[in-house]
Amino acid sequence: MTQPITPPARTERASGWRTIRKVAPDLWPQDQPWVKRRVVLAMAALVISKLIAVYTPILYKEAVDALAKEGVPNIALGAVGLTVAYGVARMLNSGLQQLRDAIFAPVAQRALRRLALQTFNHIHRLSMRYHISRKTGGLSRIIERGVKGVEFLLRFLLFSVGPLILELTLVAIILTVLFDAWYLLIVAVTIAIYVWFTFKVTEWRVQLRREMNDQDTDANQKAIDSLLNYETVKYFGAEEREAARYDVAMRGYEQAALKTAYSLSFLNFGQSFLITLGLIGVMVLAAIGVQNGTLTVGDFVMVNAYMIQITIPLNFLGTVYREIRQALVDMGEMFDLLEQPQEVCDKPGAPVLKVTGGRIELDDVHFSYNPDREILKGVSLDVPAGQSVAIVGATGSGKSTIGRLLFRFYDVTGGAIRIDGQDIRDVTQTSLHDAIGVVPQDTVLFNDTIRYNIAYGRDGATEEEIVEAARAAQIHDFIISLPEGYETQVGERGLKLSGGEKQRVGIARTLLKNPPILLLDEATSALDSHTEQEIKGALERAGEGRTVITIAHRLSTIAEADKIVVLNRGEVVEEGTHEALLTQGGRYATLWRRQLSEDHAA
């Protein structure tokens, strides 16, 4: 059945209310009494400052009347005293506003930190499928803009609407009591038209802002994507092509930003025009009153002061509404990210994986990345505890997919994978990941030191353990030959190291983890023949007493495996020892002969 299309405005309002509902609890968390105390103190400072602000023009009027010798003189203070009182009131108003901000700052920063951490953790919990399709540059921009909107949104919820209504109400009462209803009528009409104009134009500007955000995200994604592929750009001499591609994205951002700037100028002029009309209206009434002798010069000055005073929160309303709509757009994108469902989740109350030997079973496993193309078609495989099993096959046969399913980057679409009889979908992902050490085909390193990258294998590892792992991976001698040794920076994604050096750091990292199950996903494919033999020996020693699954393209690296499984188009077509498979003269034997001839030709 066709789903009804939700109007964009309704969707946007729903998204805005959704964002406010998610952020509002940070103003009154049940388990954080200090936050509640700070919110109450900040609100008290705000209310007192508003009361002082509303009384300040009265002091101004009395000072003017005292100087002009009109009205009822304030004998207690006099003109000089009233002037000093007026100055003190202005300072108190400003000081209380700054005190309010200082009291509230920890509340806003706590919320910002909490939301940033929540987003960071959620992104790491999302599935491999999401991370393969994501755009790093665009994602980082969404998070950056969304987190920045948190503090502003909290200030809006606490310090804008309520205090603004309070101040406008008090000013309206004073104008009505001290003067007459015509003043109130002019002010009320001015405010109503001002608010209507501000909201209407801002709604239009929100659409422009969204367009500008999209262009900004696209430009940033293209820049980061190009920088991450720096070597590829150089290989194909594509610097100018990349610059042109980036410039196209920036041209779109430029055009969207200009529309936003023009619309802001229109909004600001319209607001100023409406406020000025209202100001002229009440000032004309006051001037007539002074001419008629019903009002004093002080009254005329006070009316002007009140109009200017309400102009400030009204301008603030325009700014706040404009910014809050923009913040809601920015944060809406981030909350969309937070609501991105986890494809792979732990079952409620899932126990930890208990590895007693490390036996791995694939029971009629089916899997497809896309529904229209099945990758694994009923694969069954038994890896006895402590044995080494190699999986070989042509590109696209599903070798690496088995490794991803074992680590539970994805869940099988049919059948089951078990470790020591426990379905890996029934245990916690953390315990599953702790039990498996992976050396991938392409090791990616953090932009930090060699020590940090090796020590990443086990939190809290000692220096001796780090060095021992490096020795086992045949990289210790290379590290100490470097000027900075283990403190050498490896660069982004480890680009300062060669492919073989990166791979050996990755192997050392996994050896330091010391897991009961090893998954070697073409772990030696980036190494030369000599280093490969050294690493092969190290991996064989590391595999003693462990269950090892080796996904290999180079058959010479897995000839000594306890069992070799041959995949073809997602199905097991052969399995057995190296000698037995050669004797069969089937697909494995064909692959073996082909690689031997290629090695001889080389």
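Predicted, not measured: the structure shown is a model, and the values here were computed from it.

**Quick notes on the pairing of strand E7 (residues 517-521)**
So, point 1. Counting buried positions along E7 gives five out of five residues, so the element sits mostly inside the fold.
So, point 2. Neither face of E7 is exposed, since Ile 517, Leu 519 and Asp 521 on one face and Leu 518 and Leu 520 on the opposite face are all buried.
So, point 3. Where strand E6 (residues 436-439) and E7 come together, four bridges link them in parallel fashion. Along E7, the bridge assignment pairs Ile 436 with Ile 517.
So, point 4. Direction of pairing for E7 relative to strand E8 (residues 547-551): parallel, over a ladder of five bridges.

**Things to note about the sheet that holds E8**
So, point 1. A sheet is described by the order of its strands in space; here six strands give the open sequence E6-E7-E8-E3-E9-E10, paired in mixed fashion. The open sheet is flanked by E6 and strand E10 (571-576), the only strands paired with a single partner. When the angles between neighbouring strand axes are averaged without regard to direction, this sheet yields 20°.
So, point 2. Both strand E9 (residues 563-568) and E10 contribute to a ladder of five bridges, which runs antiparallel.

**Structural notes on a nonpolar patch on the surface**
So, point 1. Taken together, Val 80, Val 84, Val 88, Met 91 and Leu 92 make up a surface patch of nonpolar side chains, about 490 Å² in accessible area.
So, point 2. Structurally, Met 91 is set in helix H3 (residues 78-125).
So, point 3. Judged by relative accessible area, Met 91 falls into the exposed class, the value being 58%.

**Some words on the pattern of salt bridges**
So, point 1. This structure, assessed with the given rule, holds 20 salt bridges.
So, point 2. Arg 100 serves as the salt-bridge partner of Asp 101, at 3.0 Å between the closest nitrogen and oxygen.
So, point 3. Since its relative accessible area comes to 13%, Arg 100 is described here as buried.
So, point 4. Across the pair Glu 239 and Lys 234 runs a salt bridge whose closest N-O atoms are separated by 3.0 Å.
So, point 5. Overlapping salt bridges, with partners in common, bring together Lys 61, Asp 65 and Asp 299 in one network.

**Regarding the confidence of the model for the chain**
Low-pLDDT stretches of the model should not have their predicted coordinates read in fine detail.
So, point 1. Here the chain averages 82 in pLDDT, while 89% of its residues score no lower than 70.
So, point 2. Across residues 1-14, where pLDDT falls below 50, the model places four contacts with residues more than four positions away in sequence or in other chains.

**Quick notes on the sheet that holds strand E4 (residues 414-419)**
So, point 1. Strand order in the open sheet formed by four strands is E2-E1-E4-E5, with antiparallel pairing between adjacent strands. Looking along the sheet, the strands with just one partner apiece sit at the ends: strand E2 (376-383) and strand E5 (422-423).
So, point 2. In terms of strand pairing, E4 meets E5 through two bridges, oriented antiparallel. Bridge pairing in E5 places Ile 419 opposite Gln 422.
So, point 3. The strands that helix H11 (residues 399-406) touches are strand E1 (360-367), E2 and E4; relative to E1, the one it contacts most, it runs at about 115°.

**A word on the nonpolar core**
So, point 1. Judged by nonpolar contacts, the single largest core of 31 residues is most densely connected at Ile 360, Leu 362, Leu 376, Leu 405, Ile 417, Ile 419 and Ile 436.
So, point 2. For Ile 436, the contacting residues outside a window of four places in its chain are Leu 406, Phe 407, Ile 419, Lys 513, Pro 515, Ile 517 and Leu 519.

**With respect to helix H9 (residues 239-292)**
So, point 1. Compared with an ideal rise of 1.5 Å per residue, which puts 54 residues at 80 Å, H9 spans 78 Å between its outermost C-alpha atoms and is within 8% of the ideal.
So, point 2. Where H9 terminates, the next one or two residues include Gly 293, which has phi positive at roughly 85°.

**A few points about the packing of aromatic side chains**
So, point 1. One pass over the full model with this rule turns up 12 aromatic pairs.
So, point 2. On the basis of an interplanar angle of 25° and a centroid distance of 6.5 Å, the ring pair of Tyr 588 and Trp 592 is categorised as stacked. Of this pair, Tyr 588 and Trp 592 both sit in helix H19 (residues 587-601), four residues apart, which is roughly one turn of the helix. The two residues Tyr 588 and Trp 592 agree in class, both being buried.
So, point 3. Each member of the aromatic cluster is reached from another via a ring pair, and the members are Phe 367, Tyr 369 and Tyr 410.

What counts, and at which threshold
Residues numbered from 1 in each chain as written. Predicted model: local features only at pLDDT ≥ 70, side-chain atom pairs only at ≥ 80, totals over all residues. Heavy atoms only, no water. Buried < 20%, exposed > 50% of the residue type's maximum accessible area, 1.4 Å probe, protein only. Helix = DSSP H or I, 4+ residues; strand = E, 2+ residues; numbered from the N terminus. Pairing = 2+ DSSP bridges. Axes fitted to C-alpha atoms, helices over the stretch in contact; angles between N-to-C directions. Patch = residues over 30% accessible without salt bridge, like charges linked within 9 Å, V, L, I, M, F, W, Y side chains within 5 Å. Areas by Shrake-Rupley, 256 points an atom, 1.4 Å probe, with all protein chains shown as cover. Salt bridge = Lys/Arg side-chain N within 4 Å of Asp/Glu carboxyl O. pLDDT = per-residue confidence, 0-100. Contact = heavy atoms within 4.5 Å. Core = buried A, V, L, I, M, F, W, Y, C linked by side-chain atoms within 4.5 Å. Expected span 1.5 Å × (residues − 1). Phe/Tyr/Trp six-rings, centres within 6.5 Å; stacked < 30°, edge-to-face > 60°.

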